[in-house]
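Here is how the chains run, residue by residue.
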Amino acid sequence: VGPKLFQYVLKVLVQSVQLLYTLLRIDQPSYILLQNPPGLPSIAVAWVACLFWRSKLIIDWHNYGYTIMSLSHGRNHPLVQIAKWYEKLFGRLSDYNLCVTDAMKEDLWVNCNIKAVTLYDKPAAYFKETPLDLRHRLYMKLAQDYEPFRARAEPVGSSAERSAFTERDGRDGHVVQPRGRPALLISSTSWTEDEDFSVLLKALEDYERFIDEGAKLPALVCVITGKGPLKDYYNGLIQKLHFKHIQICTPWLEAEDYPLLLGSADLGVCLHKSSSGLDLPMKVVDMFGCCLPVCAIYFECLHELVKHEENGLIFRDSSELSEQLKMLFLEFPAMEGKLQRFRQNLRASKGLCWDESWDQTVLPLLGHKE
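Residues numbered from 1 in each chain as written. Predicted model: local features only at pLDDT ≥ 70, side-chain atom pairs only at ≥ 80, totals over all residues. Heavy atoms only, no water.

**Q** How would you explain helix 8 (residues 231-239) if you had to name every residue and give the values?
**A** Of the positions making up helix 8, those classed as buried are K231, Y234, N235 and I238. For helix 8, the angular spread of buried residues about the axis comes to 105°, placing them on one side. In helix 8, those exposed residues whose orientation departs by more than 90 degrees from the buried face are D232 and Y233. Structurally, helix 8 contributes buried residues whose contacts are with helix 7 (198-212) and strand 10 (246-249). (Buried < 20%, exposed > 50% of the residue type's maximum accessible area, 1.4 Å probe, protein only. Helix = DSSP H or I, 4+ residues; strand = E, 2+ residues; numbered from the N terminus. Arc of directions from axis to C-beta. Contact = heavy atoms within 4.5 Å.)

Here is the structure:
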C-alpha cells in the first residue's frame, strides 16, 4: 500500500525488527557470519546483535548489494546511493571480512578502507563427474518429462533401453554412448538482468547455420536450468526459434539431479556478468567441480577463475561464442581436441575442497591453529 519508496522503507523496518528479535533469542554466539548481499538491513542488525552478545561480526563479501540494485534502478538513483553509503559505513564496523576475489579485496581496501581475506568459492563434494551408468538413469528419468532426452529412434533390440545420449544392453546391462549422439550443452541461470540469454540464442542460430552449410558438427541439446523473473520472457523467444539440429529445454531440476546433469554434460556456458565486476559465478565453480569445460562471457576479474585456453574459453559476444562452439564440437565426439584437453586439465588441477579451503584460510584468521 502506498508509494514504492514507502513500501521499501516499511519492508526494511519490519525485516530489521524480525531479524533483531530472532538474533537476540539465540544462544550467545562467538561469531556471527553474514553473507553480503543481501546486506540491507542485515549488516546493521547483525552489528547491533554483536554489540548485545559481545560477539565478533564476520562479513563474507560476495558482491555489493548496491550494484545489484543499480541493475534495475540505475547507478544514480537515490536508493542506490543510500545503499552504497550504508554498505560502506556498516561494512567498516565488522571485525573480520572475507571476499571471493583478489579484485574485490583490493576494491574493499581502496574504496571502503576495509581489510579482507580472499576465500575463493569451492564446489561441494557432490559436484563430480557422473559415471556412465548413472548418466543413463538420469537421462531416462528426464526423458519422461522432456522430449530432448528421448531416443531419436527405437532401440535395435527389443530388450535394449535407449535415451538420446546412451543405450543400455538388456542382456548384460552394459551402458554405451552410441555413435552420432547429440552433444549436451548446459547453462544454469536465475533468469535476471545480469544474464543476457539472447547472446546464447543468437550463437545457437549461427551454430544451426554452420551445420546447414556443411560443417561436421553434432546435433545439440541445450539445457538451461533454473527459475526466475525473466524465464517466461526468454521462453517466448525460444518458442519463436525453429531449429532442425538443436533442441532447447528449460527444466526445473530436483536438487540431487543438478550436479548429476553437470557431471554428464559435454560443455557448460556461463552468461553471468557481475554487477560490480568483482565477484565470480558460482555456477562455473560447480561446473569445474564436475570437470566440465566452460565458455564464459567476459567481465573484469573472470580470469581469476576461467583460464582462457586452459580450462575453458572466454567470449565477448554471440559471434565469438558461436565460433567457439563450432571449434570445440568439430568432429565430436573425438577423444582429441580442445574440449578433451580442457577436461583433462580440470581433472589434473583439482584443488582444495570447500572444507579444506575454509580450514586453511579462515581458521588462522580467527586465531585457531587446528
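**Q** Can you break down the packing of aromatic side chains residue by residue, with the values?
**A** In the structure shown here, the tally under the stated rule is 18 aromatic pairs. Seen from their ring centres, Y31 and Y96 are 6.5 Å apart, and the 55° between their planes marks the pair as tilted. Separated by 65 residues along the polypeptide, Y31 in strand 1 (residues 31-36) and Y96 in strand 3 (residues 96-99) bring together distant segments of the chain. The exposure class assigned to Y31 is partly exposed, which follows from its relative accessible area of 29%. A connected cluster of aromatic rings, assembled from ring pairs, spans W191, F197, Y233 and Y234. It is K227 that lies over the ring of W252; its NZ or CZ is 4.7 Å from the centre. Directly above the aromatic system of Y298 lies the positively charged group of R316, at a separation of 3.9 Å from the ring centroid. (Phe/Tyr/Trp six-rings, centres within 6.5 Å; stacked < 30°, edge-to-face > 60°. Lys NZ or Arg CZ within 6 Å of the ring centre and 35° of its normal.)

**Q** Run through the UniProt feature "domain: Glycosyl transferase family" (unreviewed entry) in the chain, naming residues and quoting values.
**A** Here the UniProt-annotated "domain: Glycosyl transferase family" (unreviewed entry) positions come out as residues 181-344. Taken end to end, residues 181-344 is 35% helix and 17% strand, and its two terminal C-alpha atoms sit 22 Å from one another. (UniProt positions renumbered as here; feature names shortened; annotations may be inferred.)

**Q** Account for the sheet that holds strand 3, naming residues and giving values.
**A** Sheets are built from strands that pair by backbone hydrogen bonding, the pairs being arranged parallel or antiparallel. Spatially, 1-2-3-4 is the arrangement adopted by the four strands of the open sheet, whose pairing is parallel. With one partner strand each, in any of the chains shown, strand 1 and strand 4 (117-118) form the two edges of the open sheet. Pairing of strand 1 with strand 2 (residues 56-61) involves six bridges; the strand directions are parallel. Note that in strand 2 the partner of I32 across the bridge is L57. Across the sheet, helix 4 (residues 78-91) touches strand 1, strand 2 and strand 3, and the angle it forms with strand 2 is around 135°. With respect to the sheet, helix 5 (residues 102-112) is in contact with strand 2, strand 3 and strand 4, its orientation differing from that of strand 3 by roughly 140°. (Pairing = 2+ DSSP bridges. Axes fitted to C-alpha atoms, helices over the stretch in contact; angles between N-to-C directions.)

**Q** Give a detailed account of empty space enclosed by the protein, specifying residues and quantitative values.
**A** By the definition in use, this model includes one cavity of 30 Å³ or more. Of the voids in this model, the largest cavity is the one considered here, and its volume is about 30 Å³. Ranked by the residues each element gives to the lining of the largest cavity, the list is headed by helix 4, at three residues. Of the residues that constitute the lining of the largest cavity, the class distribution is four nonpolar, no polar and three charged. (1 Å grid on protein atoms, 1.4 Å probe; cavity = no way out; pocket = protein on both sides within 12 Å on 5 of 7 lines; lining within 4 Å. Points joined across faces, edges and corners; volume = space filled by probe spheres on them. Nonpolar A, V, L, I, M, F, W, Y, C, P; charged D, E, K, R; others polar.)

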